[in-house]
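Residue-level structure breakdown
Given next are the chains, with one letter for each unit.
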Amino acid sequence: MGKHIEVSRNYQENVEFLKEELGVGISVDMIAREFKIGNKKAALFFVSGLVKDSIVIEVMKMLMWQARQDILPDPVQQLRDHAIPHVQVSSVKKIDEAIMAINSGQQVLIVDGVDEAIIIDARMYPDRQPEEPDIERVVRGSRDGFNETILTNLGLIRRRVRDPKLRTELIRVGKRGKCDICLCYIKDIANPDLVDFIRNRIEEIKIDALPMAEKSVEELITPGSYWNPFPKVRYSERPDVVAAHLLEGHVAVVVDTSPSVIIVPTTFFHHVQHAEEYRQNPAVGVYLRWIRFAAIVASVILVPLWLLFSLQPGLLPPGWEFIGPKKVGNIPLVGQILIGELAIDLVRMAAIHTPTPLATSLAIIGALLMGEIATQVGLFAPEVILYMAIVAVGTFATPSYELAMANRLVRLFLLAAVALFKLPGFIVALIITFLFLALSQSFGIPYLWPLIPFNWAALKHILVRAPVPVQNVRPSILKTLDVMRQPAPARKPGPPQKDEAQEEKQDK
C-alpha cells in the first residue's frame, strides 16, 4: 500500500503510483485532475463524494493563475502561504500519508519537481442535522444531538465546555479502515493516569478496520470479561450529558461515523439516571428518579417473585392470597412466562424493522392477537399478561438500553432459579448477581460505587437529585486533579437584630 515510500521529485512516478493504489479510472468516485501551475505539471487527487465541488473549483482557479516566478524558489511554501485559499493546508513526505489523507476526504496536490505532497483539508462529509436523540428525549432542554460526523460532534461538545483546557486528541486506528477516534478530556480535571490508560488502549488496537465504530472500540479497550452483560461504559447521544461528565472528570471517546459517544469510567448508577431529572425542579427530579428506580427494580424481580408466590402460596402474608392465578391454563406457568419474554423481544425487534406507517398495525397485532386472544383460548393466565406488561414498561423506563438488556438476562436467571429451587434458588440467585456486580470494575472503578465501597456523601446524591448550588465537589472515586466545582454554599445572613439595651434607651 505504499507504506514508508517517500514522495519522489519525479511527477510521473508519483502520479502513476497514486493512480494504481487508489484505483483511479476503476473507482468512479476517485478523481485525479491533472493541470499546470506556472508551467509545472500538477495533479489534484480527491474523493468526489467527500469534498464540495465549489471548493475544488476555487482552489484550482487560484493554482492555475499562478505564474512560474510566483512559486519559486520553494513551491511548497509559496503555494501553502500565498496561492491556496484555505485554512488548513499542510504537506507530507510519505506516500502512505498522502493516500490516507485522500481516503479521509482531503485533497492532495502533487507538483512536478517537488518531493512533498500538499494536503488541503477541505473535506465535506455527508451528514444529517444534529437532531434530538430518540432514546434520550427530554420534555424540556436542548434538542440537538450527535450525528455521524466527528467534527460536528466535537463542535457540539466544545460549545458547552468553553474551557481552554479541553483537549481533543485524534488517534487513527485500523490498518485498512483508518478510523478517526477522538479522546476528549479536561486537562486540569481528569486523572492523568486514566487518560494515559485509555489512550494506550486505543493506540494498541491492531484491527484492520472498525465498521461498527463505537461498539467495536468499546470491546477493544474495555478490560475484563467480554461476556459480562452489564455495560462497562456509558453511551450518550446528548452533548449536554457528555459535557456534564467531562466536567465531573470523566473521559469521552468520540468515534467517527457514530452518533454515540463513549463515556468512561462508569458505574451501575450512571446507567439509571436521565437528563430529564436535571431539567426539572429538584423535588420533581427526585420524584422522577425514584419512579424510575422502582420501574427498574420491578423489571428485574417482579415476575420471579410472582412465580415464586404462585408456586409456594404459603409464603404470602395474610391478606395477599389474591396473588397467583386462579386458573393456570394449558401451559405451565414457567412456560407461559418464557413465551411471554420471547414475545416481548419479538415485538421489540419487529418494531425496529417495521416502517413507521405500519407501527400502529404492529401494536394492534401484539396487543390483540398475542394478548387477549391468547388468554381467551387458555394459553396464558391473565396475570401473566399483566405482569409481563409491567416488566416491559419497566424495561422501557430504563434510561440505558444496554442495562435494560442486561437486566433481562438477570430476570431470566432468577426465573430459572425459582423454577428449579423455589425460595432457596431465588435467594441464592440474588446473592450471586449482587456479588457479580460488586466484583466488577469499569476501568479500575468499582462498579457499585458509592454503595461498595460505601461513600454516603456520593450515595445521597444518587438517591436524591441534589440542587445545583450544593453540587460543589466532583466524584472522589475519579481522583480528579481539581476536586471542587464551586465553593460550598455559605449561610445567608438573617435580618439584623436590634440590641435590647439600645431599644430600652430609645424608649426612655
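Residues numbered from 1 in each chain as written. Predicted model: local features only at pLDDT ≥ 70, side-chain atom pairs only at ≥ 80, totals over all residues. Heavy atoms only, no water.

A few words now on the packing of aromatic side chains. This structure, assessed with the given rule, holds eight aromatic pairs. With centroids separated by 5.6 Å and ring planes inclined at 90°, the aromatic side chains of F268 and F269 adopt a geometry described as edge-to-face. F269 carries the same exposure label as F268, and that label is buried. Between W320 and F322, the ring centres sit 6.1 Å apart and the planes meet at 20°, which makes this aromatic pair stacked. Under the relative-accessibility criterion, F322 is labelled exposed at 53%. (Phe/Tyr/Trp six-rings, centres within 6.5 Å; stacked < 30°, edge-to-face > 60°. Buried < 20%, exposed > 50% of the residue type's maximum accessible area, 1.4 Å probe, protein only.)

Neighbouring strands of a sheet are bound in pairs by backbone hydrogen bonds; such pairs are parallel or else antiparallel. Strand order in this open sheet of five strands is β1-β2-β4-β5-β3, and the pairing throughout is antiparallel. Every interior strand has two partners, whereas the edge strands, β1 (30-37) and β3 (89-92), have only one. Neighbour to neighbour, the strand axes of the sheet diverge by 25° on average, direction disregarded. Relative to strand β4 (residues 107-111), strand β2 (residues 40-47) is paired through four bridges, and the arrangement is antiparallel. Bridge pairing in β4 links L44 to L109. Against the sheet, helix α1 (residues 11-22) contacts β1, β2 and β4, and its axis sits at roughly 15° relative to β2. Packing against the sheet, helix α3 (residues 75-83) makes contact with β1, β3, β4 and β5 (117-120), and its axis sits at approximately 160° to β3. (Pairing = 2+ DSSP bridges. Helix = DSSP H or I, 4+ residues; strand = E, 2+ residues; numbered from the N terminus. Axes fitted to C-alpha atoms, helices over the stretch in contact; angles between N-to-C directions. Contact = heavy atoms within 4.5 Å.)

This brings us to the confidence of the model for the chain. Here the chain shows a mean pLDDT of 88. Residues at 70 or above account for 93%. Element-level pLDDT for the chain is lowest in helix α15 (residues 500-507), with a mean of 52, against a maximum mean of 97 in strand β9 (residues 251-255). (pLDDT = per-residue confidence, 0-100.)

Moving on: the environment of V328. Here V328 lies in the loop between α9 (282-311) and α10 (333-353). Overall, the relative accessible area of 37% leaves V328 in the partly exposed class. Sequence-wise, V328 and A298 are 30 residues apart; in three dimensions their C-alpha atoms are separated by 23 Å. Setting aside anything within four residues of it in sequence, one finds V328 in contact with L333, Q336 and A381.

Moving on, we come to the packing of α10 against helix α13 (residues 401-439). Relative orientation of the contacting elements α10 and α13 amounts to 165°, with a least axis distance of 11 Å. Between α10 and α13, the interaxial angle falls into the category roughly antiparallel. Helix-helix and strand crossings are classified by hand; for α10 and α13 the assignment is left-handed. Contacts between α10 and α13 pair V334, I337, L338, E341, I344, D345 and R348 from the former with Y401, M405, R408, R411, L412, L415 and A419 from the latter. By residue class, the composition of the contact of α10 with α13 is nine nonpolar, no polar and five charged. (Parallel < 35°, antiparallel > 145°, perpendicular 65-115°, else oblique. Left-handed = near helix turned anticlockwise from the far one by under 90°. Nonpolar A, V, L, I, M, F, W, Y, C, P; charged D, E, K, R; others polar.)

Looking now at the pairing of β4. Counted residue by residue, β4 has five buried out of five residues, so it is predominantly covered. Burial along β4 is two-sided: the face carrying Q107, L109 and V111 and the face carrying V108 and I110 are both buried. Following β4, the chain reverses through five residues before pairing antiparallel with β5; G113 in that reversal takes a positive phi of roughly 80°.

Given a rise of 1.5 Å per residue, 16 residues ought to cover 22 Å, and the 23 Å separating the end C-alpha atoms of helix α12 (residues 382-397) matches this to within 8%. Looking at the packing, one finds that the buried side of α12 touches α9, α10 and α13. (Expected span 1.5 Å × (residues − 1).)

Our focus in this paragraph is a nonpolar patch on the surface. On the surface, L315, L423, I427, I431, F434, L435, L439, L451, I452, F454 and W456 cluster together into a nonpolar patch covering about 1,000 Å² of accessible area. In terms of residues, the nonpolar patch owes the most to one element, α13, which gives six residues. The topology assignment puts L423 in helix α13. Residue classification places L423 among the partly exposed positions, given a relative accessible area of 30%. (Patch = residues over 30% accessible without salt bridge, like charges linked within 9 Å, V, L, I, M, F, W, Y side chains within 5 Å. Areas by Shrake-Rupley, 256 points an atom, 1.4 Å probe, with all protein chains shown as cover. Salt bridge = Lys/Arg side-chain N within 4 Å of Asp/Glu carboxyl O.)

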